[in-house]
Each structure stands twice: as structure tokens, then as C-alpha cells.
Amino acid sequence: MSDYALSALGDLAPVESVATHDAPEPAELRRLFHEESLAARRVAARPGLYIAVVVYLLFAFADLLLVPDVAFYTISARLAVGVTALVTLETLLRFGARTEWLDATCAGAIILGYIGWLFPTATSSNQESVSYYMVFGTIFMMSANLFFTFQFRFSVVTSIIILSILYAVNYFMPSTVTYKLVFGAFYISCFVFTSYINWKLNRERYNVFLNAVDARSQHREATERGKALLKLSRTDPLTGLENRRAVDERLRDLWTAWQLQGSTFAVLLIDVDFFKRFNDHYGHQEGDRCLTLVADSVRRLAELRGVSIGRYGGEEFIVLAPLARLESVIGLAEEIRQTVEALEITHNERRDGTQVVTVSIGAAFTRDQAGTKLEKIIQEADRALYLAKANGRNCAHLFDPKDPQSSDESENIAALLKIAIDRELVSLVFQPILNVRSDKVEALEALMRLTMLDGTAVPPSLFIPVAERTGTIIELGRWAIKTACHELATNENIRTISVNVSPVQLKAPGFAASVAAALGEAGIAGNRMAFEITEGLEMEMHSDVLRCISDLKLLGIRIWLDDFGTGFAGLSWLRLIDFDMVKIDRSFLHDCVSPRGRAMFRDIVGLLRNRVPKILAEGVESEEQMDLLRKLEIDLAQGFHIGRPARAENLRSIFRTSRPRKVLGNPI
Ligand code: C2E
Ligand code: MG
Ligand code: MG
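If you're wondering where the values come from, they're calculated on a predicted model, not measured in any experiment.

Engineer: Just give me the short version of the site of ligand 1, but keep the residues and values in it.
Structural biologist: Near ligand 1, the surroundings consist of 21 residues, among which Asn500, Asp562, Arg586, Glu621 and Phe640 are the closest. Here an oxygen atom of ligand 1 sits 3.0 Å away from a polar atom, N or O, in the side chain of Asp563. At 3.5 Å from an oxygen atom of ligand 1 is found a side-chain nitrogen or oxygen belonging to Glu618. In isolation ligand 1 exposes 790 Å². Once the protein is present, 83% of that is buried.

Rendered as C-alpha cells:
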């Protein structure tokens, strides 16, 4: 039995376990029970009285059989009482009378019905029949106690009235003392038993009610707990935003609505700029605070705009916006960007001039395409985010299917890169680097080449960014270093090979160790290798990148700065890292056709001369340009005029000659 039921059998005081269910107090329970039984009685009153009246009227046949001399009176009384009772009840129901009045009507009907039958019957001349017929009087008592579900007190009072009337009639009836005693005792026992059963029934009803309350409360608690658990499983504990799981569900719903009804929507991926630096410098607690502040501000905006926001990863948030127009997507993205910037959370550790926390946003909008999948829109937003970061961060970028970096082609390239090494789709070509003073080839730059399965060449400008974005550059870079080591090992004449290394590789844990292993395996001294680092998209200079560079230097590897002048960070990098050489981007040499360009080139050379041991000019395409380099005393030169990138076998004897052009094989 439940705790409620147990307590109900006692003094109804709440037991401890009941209290844990957040149970109502006993008085409250009583009140609830009273209310419930009132409602039940109200419903039961009409059918109960109708059945009772019908049965009462049917007894007219018994009247005719047992007391025919007074049957007219008994039947008239039956009709009068029955009809009056029903009319009264219907009137009360119509006027919405209280349940107690309905009970009173039923009880009154029982008492009057009893009187209406008993008095005419008692005057019948057929005394023997009367003496038997009187037994039926107990039915009225039973109906008060057992048939109708009055309140206990009400039933007992009704029964006592019936009992008293019977005793009065019995007293005046001409019959033997024995009959009176037996009959009186029978009535008394009937009263006691039916009242006792009625009392027990009432207690049982109360117990049933308590059990029901208990079950309801447990059910409610279980439902609430279930709801809380469900909410928890869909909420990000730090920011209180929806988590990835909830976002995925929401996204699926939006996607389905788009597929079925054509309701367009946008996905906005929001990434906190330089968050790792923020965390490293200010600590994780501040990092959490920063994320919470950003989340709260974007949530407020999202609520205003009727869009949803969730946390999608560490420092990444996602906004799902059911918008109809592309312009609204751009507007929303810009609003989010400005909202975060306006928070003015100090971030002095970023090296791009901005001093506060900002976000980069990549957005994608639903667009009709055959065979599109749900993941596609996320991938597109992700690509847009990558480009937003590449554009210098703190900006929003909308996915553009026409952009080569965003196109499906780049998707194909990403897939191709995964199998490139195994399927031998990737190879290295080498371009000579000339010592301007000695006119001898001093090194080779290894350049990666990729071909499609059908043999078509994919330009590095296309596949290198994809490899960086997808991370395959780590595997490809490792392969390039191994291959370069192998080339150095098989050709003693090659003094140095420079390999292009992406900042993504430098950030990857264990990179320096893998280089050491490659050198060891090939039996190559580290100083025969140089790494060219471009101040490209991932221009952030993490402390782990700096550590990696100093580890590489310990291996003897020389570090060159590639494409100097094209990025934002060149000068600050020069401050941080001791480069062994700087390669000036070819655009500056090409601009030398104008006096202004020439002055610029000279200034760059002047700047670098005092900062780095050696300077290289890229993109030498003519003898005039060579002359300029000689005049400016530039150390090294590289370009089509000296030699195009070629297969290693075509460059075998290159180090023995002073002008490599003549010995080059087919350029690639
Ligand atoms: P980069 O490191 O600056 O490589 C030099 C690029 O300039 C090469 O383009 C080369 O073919 C081109 N070039 C050389 N001389 C001349 C010239 O006289 N005139 C002109 N117009 N171009 C010249 P390529 O091979 O298309 O490579 C493009 C870029 O791709 C490279 O620029 C480098 O940043 C990247 N890359 C190539 N191979 C790798 C690699 O193995 N790893 C990484 N991370 N990046 C690579
Ligand atoms: Mg290079
Ligand atoms: Mg370069």
C-alpha cells in the first residue's frame, strides 16, 4: 500500500516519504477528497434517483399482490413521491444547486418514499401480508447507506429517521410482542450492518483517493523529472544555450520544412576570434566568462529577431534563422558581429591591432540544388566561416557557390586529397634558387603538384588552401618533407632543398619530432633543409608555433619567410622569429617597371638588409630584373628566367653548372 494509504489508516499525518513527494497536508487532502466526492456525487445523483424511482414504482405490483385493499393509496403515494423527487432534482440541477441539495433531495425521496409506502400499507386489513411486507422497509435503509453515496453522516441520519418511523409504526401496529421484538431487532441489526459497511466503504473510497493522489503526484514528479532531464540533455551547461544535439534536431526540422513547404532558412556559424590566445592568456575562468557574455548578447539579439541560437563547439555558436531573403541574412550576420564587438571585452593578446573580442561569421542560405543533403548547408557555412577568418576575421562572409574556394570543385579536391598519397596523385617538382653573386644554383624549392584521377593538373593555388582548411596538409606536408629528404639522400649534389610549410603544420603537435624522424630515416643533416613559411591565412603566431620553430632550428633546419609583403604580419613575424632568409614576393619585383614600384622594392630591400642574413627575390622573369638584383646586391634569385619548376631527374646536374637554364628539362 502506498504511503498515503498507510497514513490514511492512521491519523492521516504525512509520513516522511510522502513529504518527499511534495504531498499536500492532511487537511488539504480532506478538502481535495471532499471536492472530488462532491463532483462524483453530482454526476451519480441523476441516474441513481431515476433507477431508485423506477424500482420504487415497480413495487406497485407487490402492493397489488400483498395489500390490494390499500394499493390505490400506496401506488398514488409512489407516483407522487417519485415524480416530485425527479422534478425537484431536475430543477435543482438546472439551477446549478449545490451538491448537498441534491443529496438532500435523494435522502428526502427515500424518507418520503418510505412514509408513502409504510403508512398506507400498515392500515391494510391483510395483517399477515403486512407483517411480511414490512421486511421490505429495510431496502430504504440499504439504499440510504449503500445505494446512494451520501456523506456518511447524511446516510446515518437518513437511516435513523427511517428506523425511528418504523419503530413508531411498529409500536402502534396490532401484532404480537414477539413479532415486534424480532422485527425491531432485525431493523436494528440491518441499521448497524449497513451503516458499518457504509463507513467501511467511505474509508476505502478515501484510501483509493489517497492512492490516486499518490500515483498522480508520482506521475507528475516523474514527468517533471523527465522534462528536466530532457532539457538538460539539450542544454549547454556553460552558456545555457541549446547544445549541438538540440541544434541538430532544430536544423532537421527547418530542413524538412524547406523540402516540403519551401520555407527558406539560413545557418550562421559564429566563431570567437583568437579565442585560444584569450584562454591561454586570461585563463579558463575568464575564457568561460567571455563565452557566456558573447552567448548572452547573441541570444538577446536572436530572441528579438525570432531566430534560434545554440553552442556548436568550443568557441563556436550557431544561429538558425528562418529568413526569406538573402539580404536579411547578411544584415543579421552584421548585427551579430557588431553586437559582440560592442561588448568591448578586452583582448590585448591578438596581433591584428584590435583590442577587443570579436567574432567571425560564416553564413549559408538554402538554395535549390539537385540531391542536396542536410549536412551541405553546414559545410557551406563552415567554408564561409573559413573565408571570413581568412579575410582578417571580425567580419561576416556569406557562402557564394561561384567562389572557387567555396565551390563543389573544392569539395572534390578535398576528397581527392584524402587519397592523393596512396594513389600517387601527388608529386614534387623543384625550382632552382640562384646565388646572384656566384651565379650558381644554391638550393631547390620543392613545390607540390596534384593531378586528378584523369591526369588533369590541379593548381596549388586551389588545392593548398583546401588542404589547409581540411587539415590534410599535415599528412601531405609530412609526405613532402620525406620525399625531399629522400631526394637529398639520393643526390649529394643538391645542397639544400626548401619545403613550403603551412602554419597549420607548425601548429600540429609533434611536427618537429616527425621532421627529426624523416631526417634520421634518410640520414640527412638538418642544415640541408629549409622551411618556407608564408604569412598566409592562418597568420596567428601561437606560442606553440614559436616553440616548434625553435625546435626545428635546433635540428639545423633553416627557416625562411616566404612571399614577404603579402600578408599582414610580416613585420611582426620578423620581430618574433630569427629568419635565415626572407623571400620578397614576386609582385614587388614585377612592379619595378614603374619608378614608384622600383622605389618601393628598394625600400623593402633596405629594410630587410639590417634584419635578416639573406634576401631572395622571387619571380625573376628577365635579364633586366637580374641586373636590378645585382645592383641592389640581393643574395639570391628565383624565377622562370633562372629555371622553371621541373622533375628532380631533370635537374640532376644543375648544381655543377653556373647557369641552370640550359640544362633544364621539360618545365612543369
Ligand atoms: P611559393 O612558395 O611562393 O612558390 C612559388 C610559386 O611561384 C610557385 O607556384 C612557382 O611556380 C611560381 N613561380 C616561380 N617563379 C616564377 C616566376 O618567375 N613568375 C611567376 N609568375 N611565378 C613563378 P606554384 O608552384 O603554383 O605554388 C604556389 C604556392 O603554393 C607556393 O608559393 C606555395 O605557397 C604553395 N605550395 C606549393 N607547394 C607547397 C607545399 O608543398 N606545401 C605548402 N604548404 N605550400 C605549397
Ligand atoms: Mg615557397
Ligand atoms: Mg613564394
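The structure having been displayed, the exposition proceeds.
Engineer: Please set out the coordination of the magnesium ion (ligand 3) residue by residue, giving values where relevant.
Structural biologist: Coordination sphere of the magnesium ion (ligand 3), protein contribution only: Asp562 (OD), Asp563 (OD) and Glu618 (OE), at 1.9 to 2.4 Å. For the magnesium ion (ligand 3), the single-chain donor residues occur in sequence as D-D-x54-E. Glu618 sits in the buried class, given a relative accessible area of 8%.

Engineer: Lay out the pattern of salt bridges with the relevant residues and their values.
Structural biologist: Under the counting rule described, the total for this entry stands at 29 salt bridges. Here Glu242 ties to Arg234 by a salt bridge, and the two come within 4.0 Å at their closest N and O atoms. One salt bridge in this structure joins Lys583 and Glu445, with 2.9 Å as the shortest N-O distance. Within this pair, whereas Lys583 is found in strand β12 (residues 581-584), its partner Glu445 is found in strand β7 (residues 440-451), the two being separated by 138 residues in sequence. Like Lys583, the residue Glu445 is buried in the burial classification.

Engineer: Please give an account of the confidence of the model for the protein that cites residues and values.
Structural biologist: A residue-level look at the protein finds 91% of positions with pLDDT of 70 or above and a mean pLDDT of 87. Segment residues 1-21 is flagged for pLDDT under 50; beyond a separation of four residues in sequence, or across chains, it makes 40 contacts in the model. The model gives residues 661-668 a pLDDT under 50, and that stretch makes 22 contacts with residues more than four places away or in other chains.

Engineer: An account of the coordination of the magnesium ion (ligand 2) is requested, with residue identities and associated values reported.
Structural biologist: Ideal geometry at a metal centre gives angles of 109.5 degrees when four donors are arranged tetrahedrally and 90 or 180 degrees when six donors are arranged octahedrally. For the magnesium ion (ligand 2), every protein donor is listed as Glu445 (OE), Asn500 (OD1), Glu532 (OE) and Asp562 (OD), and the spread of their distances is 2.0 to 2.2 Å. Donor residues for the magnesium ion (ligand 2) sit on one chain with the sequence pattern E-x54-N-x31-E-x29-D. A spacing of 3.8 Å is found between the magnesium ion (ligand 2) and the magnesium ion (ligand 3), which share Asp562 as a donor. With a gap of 87 residues between them, Glu445 in strand β7 and Glu532 in strand β10 (residues 529-534) connect regions that are remote in the sequence. Classification of Glu532 as buried rests on a relative accessible area of 0%.

Engineer: Pulling in residues and values, what's your account of the sheet that holds strand β1 (residues 266-272)?
Structural biologist: Read from one edge to the other, the open sheet built from five strands follows the order β2-β3-β1-β4-β5, with strand pairing classed as mixed. On the outer flanks of this sheet lie β2 (308-311) and β5 (396-398), each paired with one strand and no other. Sheet twist, expressed as the mean angle between neighbouring strand axes with direction ignored, is 20°. Judged from the seven bridges that link them, β1 and strand β4 (residues 359-365) form a sheet pairing that is antiparallel. Following the sheet pairing, Val272 is matched in β4 by Val359. Of the strands in this sheet, β1, β3 (316-321), β4 and β5 touch helix α14 (residues 326-343), which is tilted by about 165° from β4. This element, helix α15 (residues 374-390), spans β1, β3, β4 and β5 of the sheet and lies at about 145° to β4.

Engineer: Which residues make up the packing of aromatic side chains, and what are the values?
Structural biologist: Each aromatic ring pair is summarised here by two numbers: the centre-to-centre distance and the angle between the ring planes. The full count for this structure, using the stated rule, is 23 aromatic pairs. Above the face of the Tyr312 ring, Arg244 is positioned so that its terminal group lies 3.9 Å from the ring centre. A cation over an aromatic ring shows up here: Arg644 above the ring of Phe640, its NZ or CZ 3.9 Å from the ring centre.

Criteria and thresholds
- Residues numbered from 1 in each chain as written.
- Chains lettered and ligands numbered in written order.
- Predicted model: local features only at pLDDT ≥ 70, side-chain atom pairs only at ≥ 80, totals over all residues.
- Heavy atoms only, no water.
- Near = heavy atom within 4 Å.
- Polar contact = N/O pair within 3.5 Å; in protein donor to acceptor, adjacent residues only side chain to side chain.
- Areas by Shrake-Rupley, 256 points an atom, 1.4 Å probe, with all protein chains shown as cover.
- Donors = N, O, S within 2.8 Å, 3.2 Å for Na, K, Ca; no water.
- Buried < 20%, exposed > 50% of the residue type's maximum accessible area, 1.4 Å probe, protein only.
- Salt bridge = Lys/Arg side-chain N within 4 Å of Asp/Glu carboxyl O.
- Helix = DSSP H or I, 4+ residues; strand = E, 2+ residues; numbered from the N terminus.
- pLDDT = per-residue confidence, 0-100.
- Contact = heavy atoms within 4.5 Å.
- Pairing = 2+ DSSP bridges.
- Axes fitted to C-alpha atoms, helices over the stretch in contact; angles between N-to-C directions.
- Phe/Tyr/Trp six-rings, centres within 6.5 Å; stacked < 30°, edge-to-face > 60°.
- Lys NZ or Arg CZ within 6 Å of the ring centre and 35° of its normal.

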